[in-house]
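This is what each chain is made of:
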Amino acid sequence: MTSLNEQLPPASGAAGAAGVAAKDAVKGRRVRRFSADLSATGEPALWGFGGALALGIILIAGFLMMVLYNGATTFWPKPIAQVELTDGTVIAGVERRGTIFRPDMPRLAEDVRAEVEANDGFAYRTLYQTANFDLYGDDFQWVADFETQNVTQPEVFYYFERQTWGVFVGRIAGMQIDGQQMDYDPAVLRREQSLARDRFNQIRRIERTEIGRINHQIERERLAQRRALLEEGALQQGETADVDGLASQARDGVLAESQARIQELQAEFEVLQARVNEIRATDRRYTVTLEEVGGRTIEPEISQIVRYFPANTISIPEKIGIYFSRWWEFVSAEPREANTQGGVLPAIFGTVAMTLLMVVFVAPFGVITALYLREYAKQGRVTSIVRISVNNLAGVPSIVYGVFGLGFFAYTMGGTIDQLFYPEALPNPTFGKGGILWASLTLALLTVPVVIVATEEALAAVPRSMREGSLACGASKWQTIRYVVLPKALPGIMTGMILAMARGAGEVAPLMLVGVVKLAPALPIDGFYPFIHLDRSFMHLGFHIFDVGFQSRNSEAGKPMVFVTTLLLLALIVAMNATAIIVRNRLKRKYATGQF
């Protein structure tokens, strides 16, 4: 007779295993151990994948938070501290940051050394922006805690942002209004500073627009004279000669007419220059006397003061006003003080213009290439080699593209264009140098593998039934591609364009060879014929970050500008990508249902 327990089926899982092991042990048989290889279950890999994802998200989020915090707080007004040191020196400045350091022990006094040794040889120090570079020859000073005797925030200190020489920290000792010396009056100085800035902007407007127009026209007339001399054979291509002297000897013809127009333009230039000199003479009658904490004074023109405020007494609403006025200046003005202050409007313009030009070049080239590879080319070994080559192009270092762009686009193509269409400008190159056109083409070449791969994937994702349905209705292959395949693949193509824009907008290395400059004298688009100047150099936010952070005379002074420019560049890329994503989503909705 079989017992009830023997009739029951064995328990499953761990309970079953334990039961079998116990039964074997009772019967004196060998105990079988159940074990499983962890690699077979996949759980370690799952934890590894999840951990890698979490680590990546933490690193990216931490980087973005660091940029956001430092960039967003850069323009917030901070108080000015007066620091009295143990050796009797007094400094005044804005506290920037602090850190621990290991001081030079032999140079310390005995009691200080004992205190530092008690802290394992470390001490804390604070970095102050003492400014006044024209007086001190430096902008910052470290002060250790053991050197500090007293720290106060006197109400008399002002923070001045100047057009040249950077920031000044000190007191207002007096002012000169219309040549008359007088004591400091806040209302009068505020009014005169506004009027003086209007005069400064008037000078800039005359120099940029009216005098700039005259210089542009004079340059065109001189090029016309050189062209006429080349056609007459009086001048050889690339030859430097006294064109003015040759043109002044002409009695009639193109040279004489051009010389007469140049003389009229020069007369107009002298009138405008006289106006500028008159405004500057007026400016010199309005000055302010600034005194640093040690008693030394300077007397800058009031028009050279961009912004000033009593850093230790302003209210929160006034700080908010200064904060937003600094942001407005940052996105709408030109840089000053070796790009460490002022705005980045030329860099914003150059970045957006170059990225859009790059998209214009890379979109048709990448889409047509992918279309041929997927729809027309015979699939075989040659096509596979082409695809592998395209994929490998994505791994080529970007600086290699820059070298290629400089050699092929700028020197070869640009040099040929100069010889064919701009011989009068030689030996000065027009297109035979770096410019926004060649930079856009170079970046288009760099990003075209991304567009080709994304477009091919998008074309492959179009259902075969749609192609067959179109062909069955009598449409030709091109009509099927034009009206069925391409519209359906557009969202995928837009994804490739978004990736290409993100890659191109952040590239710096190739641009350093093919057109980007530290400070561009003019934008690629202006009001002078032909209005769009693709041969001009330009500024770029990525290069601006590199220049301010690593090429400025004081990296500490440029550090806030690095963070705020990085924040702006990220915001700009996000804005452009968001626009492309909106367009892509609309295309997705439009072509969500096909014809078949």
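Residue numbers restart at each chain and count upward from 1, following the sequence in its written direction. Only residues with pLDDT of at least 70 are given local features in this predicted model, and only at 80 or more are side-chain atom pairs given and counted; all residues enter the totals for whole chains, interfaces and linings. By convention in this description, side-chain values take in all heavy atoms of the structure and omit both hydrogens and water.

Engineer: I'd like a rundown of the nonpolar core, residues and numbers included.
Structural biologist: We define the nonpolar core as a collection of buried residues of types Ala, Val, Leu, Ile, Met, Phe, Trp, Tyr and Cys that are connected through side-chain atoms lying within 4.5 Å of one another. Exposure is judged per residue with a 1.4 Å probe applied to protein chains only, and the accessible area is read against the type maximum: over 50% gives exposed, under 20% gives buried, and values in between give partly exposed. Residues Phe-330 and Leu-541 are the most contacted members of the largest nonpolar core, which totals 56 residues. Going through the elements one at a time, α10 (316–332), α11 (345–376), α13 (398–421), α14 (436–460), α16 (477–506), α17 (511–514), α18 (541–550) and α19 (555–590) are the ones with two or more residues in this core. Every residue in contact with Phe-330, bar those within four places of it in the chain, is listed here: Phe-75, Gly-342, Gly-343, Val-344, Leu-345, Met-561, Val-564, Thr-565 and Leu-568. Runs of H or I in DSSP of at least four residues are treated as helices and runs of E of at least two as strands, each being numbered from the N terminus. Any two residues whose heavy atoms approach within 4.5 Å at even a single point are treated as in contact.

Engineer: Break down the pattern of salt bridges for me, citing the residues and quoting the values.
Structural biologist: Any carboxyl oxygen of Asp or Glu that lies within 4 Å of a side-chain nitrogen of Lys or Arg is treated as forming a salt bridge with it. Throughout the structure, instances matching the rule amount to 25 salt bridges. Across the pair Arg-285 and Asp-178 runs a salt bridge whose closest N-O atoms are separated by 3.0 Å. Within this pair, whereas Arg-285 is found in the loop between α9 (253–283) and β9 (287–291), its partner Asp-178 is found in the loop between β7 (167–177) and β8 (180–182), the two being separated by 107 residues in sequence. We note a salt bridge from Glu-334 to Arg-204, for which the minimum N-O separation is 3.2 Å. Taken together, the residues Glu-334 in the loop between α10 and β12 (335–336) and Arg-204 in helix α7 (residues 186–232) connect sequence positions 130 residues apart. Residue Arg-204 is classed as partly exposed on the basis of its relative accessible area of 27%. Three or more residues are tied together by salt bridges with common partners; here these are Glu-161, Arg-307, Arg-326, Glu-329 and Arg-336.

Engineer: Before we move on, could you go through the domain arrangement of the protein chain and cite the residues and values that matter?
Structural biologist: Domain segmentation is taken from an automatic or database assignment of domains. Entries for the protein chain in the domain assignment read domain 1 (80–173), domain 2 (180–284) and domain 3 (349–592). Computed over C-alpha atoms only, the centres of domain 2 and domain 3 are separated by 38 Å. On the side of domain 3, 8 residues touch domain 2, which itself brings 13 residues to the contact. Buried area counts how much accessible surface, traced with a 1.4 Å probe, disappears from two parts once they are put together, with both parts' losses summed. Between domain 2 and domain 3, the buried area comes to about 910 Å², and carbon and sulfur atoms account for 61% of it.

Engineer: Please give an account of empty space enclosed by the protein that cites residues and values.
Structural biologist: Empty pockets left among the atoms are what a rolling probe the size of a water molecule brings to light. Here a cavity denotes grid points, spaced 1 Å and computed from the protein atoms alone, that fit a 1.4 Å probe unable to get out, and a pocket denotes an open set having protein on both sides within 12 Å along at least 5 of 7 lines; residues with an atom within 4 Å of a point are the lining. Grid points are joined across faces, edges and corners, and a volume is the space filled by probe spheres set on the points. Taken as a whole, this structure holds 1 cavity of 30 Å³ or more when the rule is applied. Lining the largest cavity are 32 residues, and of these Arg-96, Tyr-159, Val-167, Thr-340 and Gln-341 sit closest to its centre. Of all the secondary structure elements, the ones that give two or more residues to the lining of the largest cavity are β2 (90–101), β6 (158–162), β11 (305–309), α10, β13 (341–342) and α19. Looking at the lining of the largest cavity, the element that brings in the most residues is α19, giving 4 residues. All amino acids are sorted into three groups, where Ala, Val, Leu, Ile, Met, Phe, Trp, Tyr, Cys and Pro are nonpolar, Asp, Glu, Lys and Arg are charged, and the leftover types, Gly among them, are polar. Taken together, the residues of the lining of the largest cavity break down into 14 nonpolar, 7 polar and 11 charged. Two domains each put at least three residues into the lining of the largest cavity: domain 1 (80–173) and domain 3 (349–592).

Engineer: Quick rundown of the side chain of Arg-467? Include the residues and the values.
Structural biologist: By secondary structure assignment, the location of Arg-467 is in helix α15 (residues 464–472). Arg-467 gets classed as buried once you look at its relative accessible area, which sits at 17%. Residues in contact with Arg-467, not counting those within four places in the same chain, are Glu-375, Leu-459, Val-462, Thr-480 and Val-485.

Engineer: Describe the layout of surface pockets, naming the residues involved and giving the relevant values.
Structural biologist: Here the second largest pocket is characterised by a volume of approximately 330 Å³. Forming the walls of the second largest pocket are Tyr-69, Asn-70, Thr-73, Thr-74, Lys-78, Arg-96, Arg-97, Glu-556, Lys-559, Pro-560 and Phe-563. Where the lining of the second largest pocket is concerned, the elements lending two or more residues are α4 (43–73), β2 and α19.

Engineer: Could you give me a rundown of the UniProt feature "domain: ABC transmembrane type-1" (unreviewed entry) in the protein chain, with the residues and numbers involved?
Structural biologist: UniProt positions are given in the numbering used here, feature names are shortened, and annotations may be inferred rather than shown by experiment. Mapped onto this numbering, the UniProt entry annotates "domain: ABC transmembrane type-1" (unreviewed entry) at residues 348–580. Across residues 348–580 one finds 73% helix and 0% strand; the C-alpha atoms that close the span lie 19 Å apart.

Engineer: Lay out a negative patch on the surface with the relevant residues and their values.
Structural biologist: Surface patches are drawn from residues lacking salt bridges whose relative accessible area is over 30%; two like charges belong together within 9 Å, two nonpolar side chains (Val, Leu, Ile, Met, Phe, Trp, Tyr) within 5 Å. The accessible surface values rely on the Shrake-Rupley method and a 1.4 Å probe; as for residues, cover is taken only from the protein chains in view. Neither His nor the chain ends contribute to the count of charged residues, in which Lys and Arg are positive and Asp and Glu negative. Each charge is placed at NZ for Lys, CZ for Arg, CG for Asp and CD for Glu. Residues Glu-110, Asp-111, Glu-115 and Asp-145 make up a contiguous surface patch of negative charge. Here Glu-110 shows up in helix α5 (residues 110–118). Using a relative accessible area of 66% as the deciding quantity, one classes Glu-110 as exposed.

Engineer: Pulling in residues and values, what's your account of unusual backbone geometry?
Structural biologist: Cis peptide bonds are those with omega within 30 degrees of zero, and the linkage from Leu-426 to Pro-427 qualifies with 10 degrees. Inspection of the secondary structure puts Pro-427 in the loop between α13 and α14. The amide bond that connects Tyr-529 to the next residue, Pro-530, takes the cis arrangement and shows omega of 10 degrees. The phi dihedral of Asp-120 falls on the positive side, at around 60 degrees, and the residue is not glycine. Tracing the chain through its elements places Asp-120 in the loop between α5 and β3 (123–129).

Engineer: Tell me about the packing of aromatic side chains, and please be specific about residues and values.
Structural biologist: Centre distance within 6.5 Å is the pairing criterion for rings of Phe, Tyr and Trp, where only the six-membered ring of Trp is used; planes under 30 degrees apart are then read as stacked, over 60 as edge-to-face, and the remainder as tilted. The tally for this structure, following the rule as stated, stands at 23 aromatic pairs. For the pair Trp-327 and Phe-330, a centre-to-centre distance of 5.8 Å together with 85 degrees between the ring planes defines the contact as edge-to-face. Of the two residues, Trp-327 and Phe-330 are both situated in helix α10; the distance of 3 residues between them amounts to about one turn of the helix. Each member of the pair Trp-327 and Phe-330 is classed as buried. Members of the aromatic cluster, each reached through a chain of ring pairs, are Phe-75, Trp-76, Tyr-323, Phe-324, Trp-327 and Phe-330. The rule for a charge over a ring is simple: NZ of Lys or CZ of Arg within 6 Å of the ring centre, and within 35 degrees of the ring normal. The cationic tip of Arg-125 hangs over the ring face of Phe-101; the distance from NZ or CZ to the ring centre is 4.8 Å. Just above the ring of Tyr-286 sits the side chain of Arg-199; from NZ or CZ to the centre is 4.7 Å.

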